[in-house]
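Survey of secondary and tertiary structure
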Amino acid sequence: MEWIRDWLLQFNMDPDTVTTLTYIVMSVLIILLCVVANLITKKIVLKILAHVIKRNRFTWDDKLLERKVFQRLSHLVPAMIIFHFAPLYLGYQPLIEKAAFVYMIIVIMLVVNSFLSALHDIYLTYEISKVRPIKGFVQVVKIILFFIGSIVLIATLLDKNPLLLLSGLGALSAVLMLIFQNSILGFVAGVQLTANNMVRVGDWIEMPKHNADGDVVEITLTTVKVQNWDKTITMIPAAAFITDSFKNWRGMHETGGRRIKRSIYIDVASIRFCTDEMIERFKKIHYLKDYVESKEREIEEYNRENNIDPSSVVNGRRMTNIGTYRVYIQNYLQNHPKIHKGLTCMVRQLAPGEYGLPLEIYCFTSDTRWPVYEAIQADIFDHIFAVAPEFGLRIFQNPTGHDMRHMLLEEGAVRERG
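This section reports on the structure supplied with the text. (Residues numbered from 1 in each chain as written. Predicted model: local features only at pLDDT ≥ 70, side-chain atom pairs only at ≥ 80, totals over all residues. Heavy atoms only, no water.)

**A few points about the packing of aromatic side chains**
Going through the model one piece at a time under the given rule, you end up with 14 aromatic pairs. Ring geometry for Tyr287 against Tyr328: centres 6.1 Å apart, planes inclined by 50 degrees, an arrangement best described as tilted. Linking Tyr287 in the loop between α14 (276-282) and α15 (289-305) with Tyr328 in helix α16 (residues 321-334), this pair joins segments that are 41 residues apart in sequence. Look at Tyr328 and Tyr332: their rings are 6.3 Å apart centre to centre, the planes differ by 15 degrees, and that puts the pair in the stacked class. Here Tyr328 pairs with Tyr332, and both are found in helix α16, just 4 residues apart, close to one helical turn. (Phe/Tyr/Trp six-rings, centres within 6.5 Å; stacked < 30°, edge-to-face > 60°. Helix = DSSP H or I, 4+ residues; strand = E, 2+ residues; numbered from the N terminus.)

**Structural notes on the pattern of salt bridges**
One pass over the full model with this rule turns up 12 salt bridges. When the shortest N-O distance is used, the salt bridge between Arg394 and Asp267 registers 3.4 Å. Of this pair, Arg394 sits in the loop between α17 (370-387) and α18 (401-417) while Asp267 is found in the loop between β6 (258-266) and α14, placing the two residues 127 residues apart along the sequence. Taking the relative accessible area as the measure of exposure, Asp267 reaches 21% and is therefore partly exposed. A single salt-bridge network, built from bridges that share partners, covers Glu280, Lys283 and Glu296. (Salt bridge = Lys/Arg side-chain N within 4 Å of Asp/Glu carboxyl O. Buried < 20%, exposed > 50% of the residue type's maximum accessible area, 1.4 Å probe, protein only.)

**Things to note about the environment of Gly186**
With respect to the helices and strands, Gly186 occurs in helix α11 (residues 181-195). By relative accessible area, which is 3% here, Gly186 ends up buried. When the C-alpha positions of Gly186 and Ala238 are compared, they lie 5.4 Å apart, and in sequence the two are 52 residues distant. With residues near it in sequence (within four places) discarded, Gly186 still touches Leu221, Thr222 and Ala238. (Contact = heavy atoms within 4.5 Å.)

**Concerning the environment of Ile82**
Position of Ile82 relative to the elements: it lies in helix α5 (residues 76-85). Residue Ile82 is classed as partly exposed on the basis of its relative accessible area of 35%.

**With respect to the side chain of Glu360**
In this fold, Glu360 is placed in strand β8 (residues 357-365). Side chain to side chain, Glu360 and Arg348 meet in a polar contact 2.6 Å long. Contact partners of Glu360, with chain neighbours within four places excluded, come to Lys261, Arg262, Ser263, Met346, Val347, Arg348 and Leu350. (Polar contact = N/O pair within 3.5 Å; in protein donor to acceptor, adjacent residues only side chain to side chain.)

**Remarks on the layout of surface pockets**
If you add up the space inside the largest pocket, you get close to 360 Å³. Lining the largest pocket are 15 residues; nearest its centre among them are Asp276, Ile279, Ile299, Glu300 and Arg318. The residue inventory of the lining of the largest pocket, partitioned by class, reads 6 nonpolar, 3 polar and 6 charged. (1 Å grid on protein atoms, 1.4 Å probe; cavity = no way out; pocket = protein on both sides within 12 Å on 5 of 7 lines; lining within 4 Å. Points joined across faces, edges and corners; volume = space filled by probe spheres on them. Nonpolar A, V, L, I, M, F, W, Y, C, P; charged D, E, K, R; others polar.)

Now the structure itself:
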């Protein structure tokens with residue numbers, strides 16, 4: 001600065017004018033220095049750094065580049081230059097230093113914010129992120145960061161100690177609790193959800209109260225985002241998962257089996273004892289041959305040991321078409337390639353009612369994908385319905401128009417014969 005002043009005095013200018021021009025020239029030079037430093041940082045240093053990051057074998061540093069951590073960090077260079085040359089402006093030194101310091105605080109807050117976002121992105125690349133999501137915790141840290149940064153900014157502008165401002169906030173704690181009520185509740189709920197492993201990203205959940213039925217795509221500080229099967233998005237308060245009931249289908253995916261629990265209704269009037277002709281026909285069925293032969297020997301031995309008179313069908317033990325049909329379905333399911341062999345598989349009778357005798361099929365498919373599951377279930381029941389007449393059984397259903405027309409035609413035929 002003295003060099004510039006001495007150079008200007010050579011032109012026999014007024015000392016006051018020389019002082020003013022000296023400050024102007026010095027300010028221009030400082031601005032040019034800031035611009036050149038900023039260009040060098042962004043156009044050379046950052047490009048070299050980006051080239052090195054993209055070419056190395058690591059992937060975590062790419063997240064730092066994507067979140068512009070280094071780019072925002074470069075904004076500190078001009079502020080540091082201005083802060084360094086502030087003593088040259090004796091009358092304005094405190095104001096310039098304060099402005100530069102405030103700018104550096106804002107830049108540091110933005111850099112730390114980007115760094116935290118990059119850390120979360122890096123964490124998402126690991127499988128544990130689905131089990132232990134930390135987005136809510138990252139958001140809490142960001143809130144604390146901006147809260148402390150704002151206190152330091154205000155303290156800098158007012159030339160006060162930040163600790164004095166923090167102590168004065170005790171009286172505003174009730175107001176702060178009211179303002180951040182949802183955030184606090186969401187944070188507590190997020191901690192419980194994570195600690196108890198209640199919900200993960202990717203879980204299929206059902207929450208009828210909030211019309212949610214789909215996959216969890218994001219867990220934040222205050223909300224859980226669910227993408228429903230119709231591709232709509234439902235935002236559920238995180239605290240609702242602590243206070244309300246919901247169903248999580250994660251266990252189904254982990255076991256690798258999806259349950260089929262459906263009944264067919266047999267017309268009770270079609271249930272009867274098996275005749276010799278039916279038994280011989282059942283022996284030709286692949287899934288029944290061994291069962292029928294062993295059952296036939298067991299019944300004959302029982303009746304012979306107990307001196308049962310076989311002339312009456314109600315005496316002793318006999319096979320029924322409904323029992324044989326149930327065993328056939330059981331064997332059919334156990335040999336089905338798409339039924340999970342390690343989970344429960346059974347066919348049972350439920351209490352008969354107005355719609356006939358319910359025969360419930362209870363088993364698990366080995367593929368949990370929805371379209372595949374529905375296709376497997378449809379194929380199984382297609383077969384079960386189709387083979388029922390082979391056992392002399394009728395599937396119950398309420399009379400249709402076709403049934404009524406058939407009854408009227410039969411009634412008309414009877415009248416004509418009469």
